[in-house]
Amino acid sequence: SDIFSALRPLDASTRAGDHARSIELFSEAIDACTPDCAPAAYHQSRSNALEKLGKHKEALADADRAIELEPDWAGGYVCRGNTLGSMCKKHGANQWAGARAAYEHVLAYETDPTKRDMMKRLIVALRVEEARALRDDTHDDVVLHYITRH
């Protein structure tokens, strides 16, 4: 069975905004997994739901587990970047470099131009938010420098 087909019913609770239910369902799916059922996707999805509820430590652990299971898959790195970025924005954590590094890792191997463009935009947006959070009035220069390098 296709792993992403199996995720659709589980993702329905996330799309409905019921993140607590999503966490419960993905936890059950992870617990029921056998080694051949690609649990990285389950950890990535649970990470997304945990991040939405502000459970950053748990979200980061799931993102890291997804990366450990499938190091060449973008899903875990995107979740790691999203969680670290959220920690910066919501709690003032200084994890900007880690968030950027996670997104930039995706660029290292992603070949789909649309996905590459999306990652570049996320990185630029993150750099702007970082500059603003650090009260750095040169954020326009930071963005211009980044865009011209990539």
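Residues numbered from 1 in each chain as written. Predicted model: local features only at pLDDT ≥ 70, side-chain atom pairs only at ≥ 80, totals over all residues. Heavy atoms only, no water.

Draft legend 1. Region of interest: the overall build of the protein. In terms of helices and strands, the protein carries eight helices and zero strands. Written out in order from the N terminus, the α and β elements of the protein read α-α-α-α-α-α-α-α. The burial tally for the protein puts 43% of its 150 residues in the buried class. In the protein, 47% of the contacts between residues at least 6 apart in sequence involve partners at least 24 apart. (Helix = DSSP H or I, 4+ residues; strand = E, 2+ residues; numbered from the N terminus. Buried < 20%, exposed > 50% of the residue type's maximum accessible area, 1.4 Å probe, protein only. Contact = heavy atoms within 4.5 Å.)

Draft legend 2. The arrangement of the environment of Tyr 77 in detail. Looking at the element boundaries, Tyr 77 is found in helix α5 (residues 74-91). Judged by its relative accessible area of 11%, Tyr 77 is buried. Sequence spacing of Tyr 77 and Tyr 103 is 26 residues, and the spatial spacing of their C-alpha atoms is 6.4 Å. With near-sequence residues (within four places) excluded, Tyr 77 lies in contact with Ile 67, Pro 71, Ala 102, His 105, Val 106 and Tyr 109.

Draft legend 3. View of the confidence of the model for the protein. The pLDDT averaged across the protein works out to 83; a share of 79% of its residues lies at or above 70. Within the protein, the element-level pLDDT minimum falls on helix α8 (residues 139-149), averaging 52, and the maximum on helix α4 (residues 56-69), averaging 95. (pLDDT = per-residue confidence, 0-100.)

Draft legend 4. Representation of α4. With 14 residues, α4 should cover 20 Å at 1.5 Å per step; its first-to-last C-alpha distance of 20 Å lies within 8% of that length. Where α4 is buried, its residues meet α3 (40-52) and α5. (Expected span 1.5 Å × (residues − 1).)

Draft legend 5. Local environment of the pattern of salt bridges. For the structure on display, the rule yields seven salt bridges. Between Glu 68 and Arg 65 there is a salt bridge whose closest N-O contact spans 2.6 Å. Note that Glu 68 and Arg 65 are positioned in helix α4 at a spacing of three residues, about one turn of the helix. A relative accessible area of 57% places Glu 68 in the exposed class. By relative accessible area, which is 32% here, Arg 65 ends up partly exposed. The partner of Glu 130 in a salt bridge is Arg 100, and the shortest N-O contact between them spans 2.3 Å. Of the two residues, Glu 130 sits in helix α7 (residues 113-133) while Arg 100 sits in helix α6 (residues 96-109), which places them 30 residues apart along the sequence. Looking at Glu 130, the relative accessible area reads 16%, which means it is buried. (Salt bridge = Lys/Arg side-chain N within 4 Å of Asp/Glu carboxyl O.)

Draft legend 6. Just the packing of α5 against α6, in detail. Interhelical geometry of α5 versus α6 gives an angle of 160° and a closest axis separation of 8 Å. Between α5 and α6, the angle falls in the class roughly antiparallel. With respect to the hand of their crossing, α5 and α6 are arranged in left-handed fashion. Where α5 abuts α6, its residues Ala 74, Tyr 77, Val 78, Arg 80, Gly 81, Asn 82, Leu 84, Gly 85, Cys 88 and Lys 89 lie against Trp 96, Gly 98, Ala 99, Ala 102, Tyr 103, His 105, Val 106 and Tyr 109. (Axes fitted to C-alpha atoms, helices over the stretch in contact; angles between N-to-C directions. Parallel < 35°, antiparallel > 145°, perpendicular 65-115°, else oblique. Left-handed = near helix turned anticlockwise from the far one by under 90°.)

Draft legend 7. Spatial organisation of the environment of Trp 73. Structurally, the position occupied by Trp 73 is in the loop between α4 and α5. A C-alpha to C-alpha distance of 9.0 Å links Trp 73 and Tyr 109, two positions 36 residues apart in sequence.

Draft legend 8. Quick look at the nonpolar core. With 16 residues, the main nonpolar core has Leu 84, Tyr 103, Val 106, Met 119 and Leu 126 as its most contacted residues. Where this core is concerned, the elements lending two or more residues are α4, α5, α6 and α7. For this core, the element with the most residues is α5, which contributes six residues. (Core = buried A, V, L, I, M, F, W, Y, C linked by side-chain atoms within 4.5 Å.)

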